[in-house]
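# An overview of the molecular structure
Given next are the chains, with one letter for each unit.
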Amino acid sequence: VAPASDPRIRASLQQVIDALGEAETYLTGLDQQVGDGDLGLNLARGAAAIGSELDALAGQHPAELLRSLSAIVRRTVGGTSGALYAAGLLRAAATLQAIDAPGRGDWSRALGEGARAIAQLGDARIGDRTMLDALLPAAAVLEAEPSSSGDGLGRLGRAIEAAQQGVRDSSSTASRRGRSSYLGARVVGVADPGAEAVVVWLQAIRRALG
Ligand code: ADP
Ligand code: MG
Ligand code: MG
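Residues numbered from 1 in each chain as written. Chains lettered and ligands numbered in written order. Predicted model: local features only at pLDDT ≥ 70, side-chain atom pairs only at ≥ 80, totals over all residues.

As annotated in an unreviewed UniProt entry, the chain carries the name Dihydroxyacetone kinase family protein and is attributed to Kaistia nematophila.

## What to know about the site of ligand 1
In the region of ligand 1, 24 residues are neighbours, and Gly79, Ser81, Gly122, Gly178 and Gly194 sit closest. Of all the secondary-structure elements, those providing two or more residues to the shell around ligand 1 are α3 (39-52), α6 (79-96), α7 (104-122) and α10 (193-209). For the shell around ligand 1, the element with the highest residue contribution is α6, accounting for four residues. Residues that form the shell around ligand 1 fall into these classes: eight nonpolar, nine polar and seven charged. (Near = placed C-beta within 6 Å. Helix = DSSP H or I, 4+ residues; strand = E, 2+ residues; numbered from the N terminus. Nonpolar A, V, L, I, M, F, W, Y, C, P; charged D, E, K, R; others polar.)

## Observations concerning helix α1 (residues 7-22)
Over its 16 residues, α1 extends 23 Å from the first C-alpha to the last, a length consistent with the 22 Å expected when each residue adds 1.5 Å. Along α1, the positions that sit buried rather than exposed are Ser12, Leu13, Val16, Ile17, Ala19 and Leu20. Buried positions along α1 lie against α3, α4 (54-58) and α10. (Expected span 1.5 Å × (residues − 1). Buried ≥ 20, exposed ≤ 12 C-beta atoms within 10 Å, placed from the backbone. Contact = placed C-beta atoms within 7 Å.)

## Brief notes about the nonpolar core
Counting residues in each nonpolar core, the largest one holds 57 residues, and the members touching the most others are Leu135 and Val198. If one sorts the elements of this core by residue count, α10 sits on top with eight residues. When residues no more than four places from it in sequence are discounted, the contact partners of Leu135 are Ala115, Ile118 and Val198. (Core = buried A, V, L, I, M, F, W, Y, C linked by C-beta atoms within 7 Å.)

## Here we look at the environment of Asp6
With respect to the helices and strands, the residue Asp6 is situated in the segment before α1. With 13 C-beta atoms packed within 10 Å, Asp6 lands in the partly exposed category. For Asp6 and Pro62, which are 56 residues apart along the polypeptide, the C-alpha to C-alpha distance reads 9.3 Å.

## So, unusual backbone geometry
The phi angle at Asp123 is positive, at roughly 50°, despite the residue not being glycine. Summarising the element assignment, Asp123 is placed in the loop between α7 and α8 (132-144). By the C-beta count within 10 Å, which is 9 here, Asp123 ends up exposed. Within the chain, Arg129 stands out as a residue other than glycine whose phi angle is a positive 75°. Within the secondary structure, Arg129 sits in the loop between α7 and α8.

## Remarks on the packing of helix α5 (residues 62-76) against α6
At a minimum axis separation of 8 Å, α5 and α6 run at an interaxial angle of 170°. With respect to their mutual orientation, α5 and α6 come out roughly antiparallel. Judged by the twist between their axes, the crossing of α5 over α6 is left-handed. Mapping the contact onto sequence places Pro62, Ala63, Leu66, Arg67, Leu69, Ser70, Val73 and Arg74 in α5 and Gly82, Tyr85, Ala86, Leu89, Leu90, Ala92, Ala93 and Leu96 in α6. (Axes fitted to C-alpha atoms, helices over the stretch in contact; angles between N-to-C directions. Parallel < 35°, antiparallel > 145°, perpendicular 65-115°, else oblique. Left-handed = near helix turned anticlockwise from the far one by under 90°.)

## Structural notes on the environment of Gln165
Checked against the element boundaries, Gln165 lands in helix α9 (residues 152-171). Between the alpha carbons of Gln165 and Ala134 there is a distance of 7.8 Å; along the sequence they are 31 residues apart.

## Observations regarding the packing of α8 against α10
Across the interface, α8 lies against α10 with an axial gap of 7 Å and an inter-helix angle of 45°. On the basis of their axis angle, the class for α8 and α10 is oblique. Residue-level inspection shows Asp133, Ala134, Leu135 and Ala138 of α8 in contact with α10, the latter providing Ala195, Val198, Val199 and Leu202. Of the residues belonging to the contact of α8 with α10, the class tally is seven nonpolar, no polar and one charged.

Quick look at the structure:
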């Protein structure tokens, strides 16, 4: 018998797919200013590939699902983001491996471990002007608050605010990683596209859960 899959997982995937499709032009515009202009298209392509397998994916155990997402992302997204997300998803999958029905605390730890895997692979930390400026502060909020605390949605909202604050903070600095690091002070005032993408998919998950 197939495991009864949590409808919140499917809803979250659907919202993320839709949101990344809608954000394509916006994210590409940012990457045109500070990189090579492919981020929106790359993420939208990955989202569409996930969408085409949604039925099968939504029935998988969370660890298996995250491994499948990693494989799809590695195959379809490309670029720096594709490699980093694929690695992060794989690490997140490993943290859920032995857990039958992950709860909020488990998902929070999976996000945190995935973010730290990205930091390791990308050799980057907060303030370098990367996706980590959004991802690490959001994960810190989610991992700090006990999963038993009542209001999960409020917590996710605070995590998104921390991510947005991280994007704003890093927008005012030069980059130390990726293509934007070649541009020096010319990137100041423009949000990092990868960090903005993190805000986009976190907000989509919140919509799905709300
Ligand atoms: P590229 O086209 O340069 O290969 P993408 O367009 O796929 O890269 O992704 C660009 C985003 O990747 C950046 O906006 C940044 O958020 C993120 N990024 C770049 N380098 C790193 C790194 N070393 N560690 C973490 N994130 C990075
Ligand atoms: Mg790019
Ligand atoms: Mg590229």
